[in-house]
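Per-entry structural report
The primary structure of each chain is shown beneath.
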Amino acid sequence: MKAIIVHGGAGRHRGGRFREKLDVLREAASRGFETLKKGGDSVRACEEAIKCLEDSPLFNAGTGSVLTLDGRCEMDASIMRGDTYEIGAVAGVERVKNPISLAIKVMEETDHVLLMGEGAMKFARLMGFEEYDPITEERRRQWEELKKEFLEGKETPWNRIRSLIKRYPELLAGTVGCVAIDDRGVIAAGSSTGGVFLKLFGRVGDTPIPGAGIYATPHAGATATGIGEGIIRTGLSRTACSFIRSGISPMKAAEAAIDLVDNTVKTSAGVIAIDAQGNVGFAYNTRAMPIAFMKDGMDSPETGGVPPDEM
Ligand code: GLY
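Quantities reported herein were computed from a predicted structural model and do not represent experimental measurements. (Residues numbered from 1 in each chain as written. Predicted model: local features only at pLDDT ≥ 70, side-chain atom pairs only at ≥ 80, totals over all residues. Heavy atoms only, no water.)

1. Some words on the sheet that holds strand β1 (residues 3-7)
Stated precisely, the cut-off is as follows: We treat two strands as partners when DSSP finds at least two bridges between them. Strands here mean DSSP runs of E at least two residues long; helices mean DSSP runs of H or I at least four residues long; both are numbered from the N terminus. Here, axes are lines fitted to C-alpha atoms. For helices the fit covers the stretch in contact, and angles between N-to-C directions go from 0 to 180 degrees. Throughout, a contact is declared for two residues whenever any of their heavy atoms are within 4.5 Å.
The strand order across the open sheet built from 8 strands is β4-β3-β2-β6-β5-β1-β11-β12, with neighbouring strands paired in mixed fashion. Two strands in the sheet have a free side with no partner beyond their single neighbour: β4 (114-116) and β12 (302-304). Neighbour-to-neighbour, the strand axes of this sheet turn through a mean angle of 10°, independent of strand direction. Looking at chain direction, strand β2 (residues 75-81) and strand β6 (residues 187-193) are connected through 6 bridges and run antiparallel. By the bridge assignment, Ile79 is partnered in β6 with Gly190. Against the sheet, helix α3 (residues 99-109) makes contact with β2, β3 (86-93), β4 and β6, and its axis sits at roughly 135° relative to β3, the strand it touches most. Across the sheet, helix α4 (residues 117-126) lies against β3 and β4, angled at about 105° from β4, the strand it touches most.

What follows is the structure, given as structure tokens:
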């Protein structure tokens, strides 16, 4: 049973552009599913789908990633395959077009799990990844506004994160992720993000941390979105996979994993998941988490995760 599910980030998504986002998510799910139909494995399907989302400036990943406190773009990405428990991840990479492809290179070309910063970028150039500036004019403008307020003392981003996010819901917009299962039953999970606006330089979120931002086993795969610190503290993706292994559906597992976040760290979060039968699930505690999924027997992707008043 082939299946794929993608998300465009858990958050308020105020200012919406949901139709555009759903169009790109549908395209990403279709491209990933096409890869599966042509015999590509679930890792390649995740790569195709996530590249599509990274290349859209609507999402906080690749092109359109948000900026650090000092105005740089430090991106994180990861991939995990469930049959072998292999993982590849990169943290704090700049000037790379598709961090997900770099994470896959770490998994397939090295003996390591996670490369960071300058070392990861040196590895990128060795692997033939060209210099690319992912910072868009819109993100630069948003950063200038936020930074000005920050310097005026109106907000400090990390000890008052809740009030900051309430005022600037776009801070959370758009980490991207994908979980897929191929015809051989191999499940893969991948994720890519610019992190969170005004994060301290060097801050690494959940995305490249196995168990937190991604996890995959022979039985289940999941990927998370939201405030990385809370996701790391609850091991959100691995938690969702464990719930699926205990016998509940991916939908109920995703909901139970988000309940855990609500009952413990109480941060904004969302998770998507797939089981070994190709059933999909998703849950979030934010206003929205646009998703698209497709599986055998479907002609086109289905979407969800958008507030009804926005459609
Ligand atoms: N979930 C994205 C981050 O916190 O970096």
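2. Structural notes on the site of the ligand
Heads up, the condition is: Proximity is defined per residue: if any heavy atom of the residue lies within 4 Å of a molecule or strand, that residue is considered near it. Polar contacts here mean pairs of N or O atoms no more than 3.5 Å apart (in protein, one a potential hydrogen donor and the other a potential acceptor; neighbouring residues in sequence count only if both atoms are side-chain atoms). Each residue receives one of three labels: charged for Asp, Glu, Lys and Arg, nonpolar for Ala, Val, Leu, Ile, Met, Phe, Trp, Tyr, Cys and Pro, and polar for the others, Gly being one of them.
Taken together, the neighbourhood of the ligand is formed by Thr175, Thr193, Gly195, Val196, Arg203, Gly205, Asp206, Thr207, Gly226, Ile227 and Gly228. Separating a nitrogen atom of the ligand from a backbone N or O atom of Gly226 is a distance of 2.7 Å. The residue makeup of the shell around the ligand, split by class, is 2 nonpolar, 7 polar and 2 charged.

3. A few points about helix α5 (residues 137-151)
The condition that has to hold: Multiplying one less than the number of residues by 1.5 Å gives the expected span of a helix. Note on classification: 1.4 Å probe, protein chains only; a residue is buried when its accessible area is under 20% of the maximum for its type, exposed when over 50%, partly exposed between these limits. What the arc measures is the spread of directions leading from the helix axis to the C-beta atoms.
Over its 15 residues, α5 runs 21 Å from end to end, which matches the ideal 21 Å to within 8%, given 1.5 Å per residue. Buried residues of α5: Arg139, Gln142, Trp143, Leu146 and Glu149, and no others. The buried residues of α5 occupy an angular sector of 130° when the element is viewed end-on, so they sit on one face. Opposite the packed face of α5, turned more than 90 degrees from it, sit the exposed residues Glu137, Lys148 and Leu151. Note on α5: the residue one or two positions beyond its end, Gly153, has a positive phi of about 85°.

4. What to know about the side chain of Thr234
Topologically, Thr234 is positioned in helix α7 (residues 228-234). Of the polar contacts made by the side chain of Thr234, one reaches the backbone oxygen of Gly230; its length is 2.9 Å.

5. Structural notes on the sheet that holds strand β10 (residues 280-284)
Taken in spatial order, the 4 strands line up as β7-β8-β9-β10 in an open sheet, and their pairing is antiparallel. Strands at the two margins of the open sheet, each flanked by one partner only, are β7 (214-216) and β10. Adjacent strand axes in the sheet meet at a mean angle of 10°, parallel and antiparallel pairs treated alike. Bridge analysis of strand β9 (residues 269-275) against β10 gives 5 bridges, and the strand direction is antiparallel. Opposite Ile272, over in β10, you have Phe282 as the bridge partner. The sheet contacts of helix α8 (residues 236-245) involve β7, β8 (220-226) and β9, and relative to β8 the element is tilted by about 145°. Contacts between helix α9 (residues 250-263) and the sheet are confined to β9 and β10, with β10 contributing the most and set at about 25° to the helix.

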